[in-house]
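# Remarks on the overall topology
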Amino acid sequence: MQIHRQVHRQVHRNRSGIPFQRGAKFAFSSAVSHALGFALVASGFLACGGAEEAKPPVTPAPTAAVAPPPPVETAKPEPPAPKPTLAELQQSGLANALAGLNGHDPKKFASVYADDAVISVAGLNEVNGREAIAQNMTEWFDVFSKAKLGFSRVWVKGDTMVLEWVINGTHHGELFGVKGTEQPIGHYGLSIVSFSPDGKVQRENRYGELGAVMTQVGSAKAKARPIPEVPPSPETIVGKREEREQREEEKNVDVAKAVLASLEGKKEADFVSLLADDIAHDGLFHLETTKGKDEAKKFWKSFTTAFPDAKFEVGRALAVGDYAIVESTLHATQKGALGQIAPTKKPVNVHLVDVFRIKDGKVSRAWTYQNSLEMQQQLGLFEVKTTNVPASQTTPAKSDTKSTSASAAGDKKK
């Protein structure tokens, strides 16, 4: 305040006309500068209440959140592989059986069968169980060296496969009492195979033409059938899946059964009416293929003369595409000549499979499969002793409508 009064006096004096002294101007300016500077400092000092101005608290900058590392992705388990279909299991089993047989590996062949599987062989006793099946193959490999088998046709219907096969080999070991001749042998055969849901063979009904083999090795006087070639791959025929198509297939079974009924009833007109004009038949009592209706009539006459009381007991009938496959047992008495075989008056119970190819309701082609040795035994033309069959087949067959034991069939007839 004092400084302020001094400045005021100086200003007042100056206004009063009293001249400034030299240097007074500087002093005044200096004093004003100091006064103003002091006032500014003082005002700033007083504004803060006489103390240093407090700075507001500094909020610490938020720490940037560190994102947690992404979770480590564990490998997702692979979805389970789809289970193979029954058809795929059947094909795999077929390939393994063929590899086991042609590789002369009894265990590999038997691995295709269920533990309690049964092989029913026309004219011989059954083979029961996987171990016995392996033993049976070992025994047959001893009889037929260099054995090779191939499938010519395969029919597939649900859990059933029908296999037409050809086997060739060399007669090396003893066969039904006949010592090894080292002669080549070969014949057609047919197997009807039933599979379990896990793809194992549960039952095989086997029709091998062992009678043809006996003629080939010279133990029978009849003319030997020619040895067929082993086919490289089969023709496969699969049953229809659509219900309407299945109904059409089943009509073929009706035609096939009507053919057998016409033989039972000795009705030639009915028999001929079921055949196509170009009918061809490989089969039961002749070595060559018969062709045409005229030769079919000769067959009908020969059959009904030899077996006038014939009855066909149908065990199973399958419709597969254009084919009807009928498995049956022929019950009859040989009352008339059968080719060169004079009447024996003896009953026969022969296990057969007839395969009919049908077109437009007519049979255009037919094949009959059997073991002719079965009939020869029952007619007294050939004897198969227990000591002359593989050890795995010496046990009599169990009681079964599909039994292939000749003795068992004879007992049923009685």
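So, here's what we can say about the structure. (Residues numbered from 1 in each chain as written. Predicted model: local features only at pLDDT ≥ 70, side-chain atom pairs only at ≥ 80, totals over all residues. Heavy atoms only, no water.)

### Quick word on the overall build of the chain
Within the chain, the secondary structure is distributed over 11 helices and 13 strands. Across the 414 residues of the chain, 45% fall into the buried class. Sequence-distant contacts, at least 24 apart, represent 63% of the contacts inside the chain between residues at least 6 apart. Summed over its atoms, the accessible surface of the chain is roughly 23,700 Å², and 56% of this surface lies on carbon and sulfur atoms. (Helix = DSSP H or I, 4+ residues; strand = E, 2+ residues; numbered from the N terminus. Buried < 20%, exposed > 50% of the residue type's maximum accessible area, 1.4 Å probe, protein only. Contact = heavy atoms within 4.5 Å. Areas by Shrake-Rupley, 256 points an atom, 1.4 Å probe, with all protein chains shown as cover.)

### Observations concerning unusual backbone geometry
Trans is the common state for peptide bonds, and a negative phi is the common state for residues other than glycine. Here the phi dihedral of Lys146 falls at roughly 60 degrees; this positive angle occurs in a residue that is not glycine. Checked against the element boundaries, Lys146 lands in strand 3 (residues 144–157). Taking the relative accessible area as the measure of exposure, Lys146 reaches 64% and is therefore exposed. Look at Phe176: it is not a glycine, yet its phi comes out positive at around 55 degrees. Relative to the helices and strands, Phe176 resides in the loop between strand 4 (160–171) and strand 5 (184–195). In this structure Phe176 comes out as buried when scored by relative accessible area, which is 4%.

### Digging into helix 7 (residues 243–264)
For an α-helix, 3.6 residues make a turn, and residues three or four places apart therefore share a direction. With 22 residues, helix 7 should cover 32 Å at 1.5 Å per step; its first-to-last C-alpha distance of 32 Å lies within 8% of that length. Within helix 7, the full set of buried residues consists of Glu249, Asn252, Val253, Val255, Ala256, Val259, Leu260, Ser262 and Leu263. Note on helix 7: the residue one or two positions beyond its end, Lys266, has a positive phi of about 55 degrees. (Expected span 1.5 Å × (residues − 1).)

### Examining the packing of aromatic side chains
Per the counting criterion, the structure on display carries 8 aromatic pairs. Considering the side-chain rings of Trp140 and Phe144, the 5.6 Å spacing of their centres and the 5 degrees angle between planes classify their relative orientation as stacked. Take Trp140 and Phe144: they sit in the same class, and that class is buried. Measuring from centroid to centroid gives 6.1 Å for Phe299 and Phe303, while their planes differ by 35 degrees, and the two rings are tilted. Highlighted residues: Phe299 and Phe303, both in helix 9 (residues 292–306), separated by 4 residues, approximately one helical turn. According to the relative accessible area criterion, Phe299 is buried, its value standing at 13%. Taken together, the ring pairs in this structure connect Phe271, Phe299, Phe303, Phe307 and Phe312 into an aromatic cluster. Above the plane of the ring of Trp367 lies Arg153, whose end atom (NZ or CZ) is 4.0 Å from the centre. (Phe/Tyr/Trp six-rings, centres within 6.5 Å; stacked < 30°, edge-to-face > 60°. Lys NZ or Arg CZ within 6 Å of the ring centre and 35° of its normal.)

### A few points about the side chain of Gln90
Inspection of the secondary structure assignment puts Gln90 in helix 3 (residues 86–102). Setting aside residues up to four positions removed in sequence, Gln90 forms contacts with Val156, Gly158, Asp159, Thr160, Met161 and Phe195.

### Side note on the sheet that holds strand 7 (residues 235–238)
Strand order in the open sheet formed by 7 strands is 2-1-6-5-4-3-7, and the pairing between neighbours is mixed. Two strands in the sheet have a free side with no partner beyond their single neighbour: strand 2 (127–128) and strand 7. Note that strand 3 and strand 7 share 4 bridges and pair parallel. Within strand 7, the residue paired with Val154 across the bridge is Thr236. Lying on the sheet, helix 3 is in contact with strand 3, strand 4 and strand 5; it crosses strand 3 at an angle near 165 degrees. (Pairing = 2+ DSSP bridges. Axes fitted to C-alpha atoms, helices over the stretch in contact; angles between N-to-C directions.)

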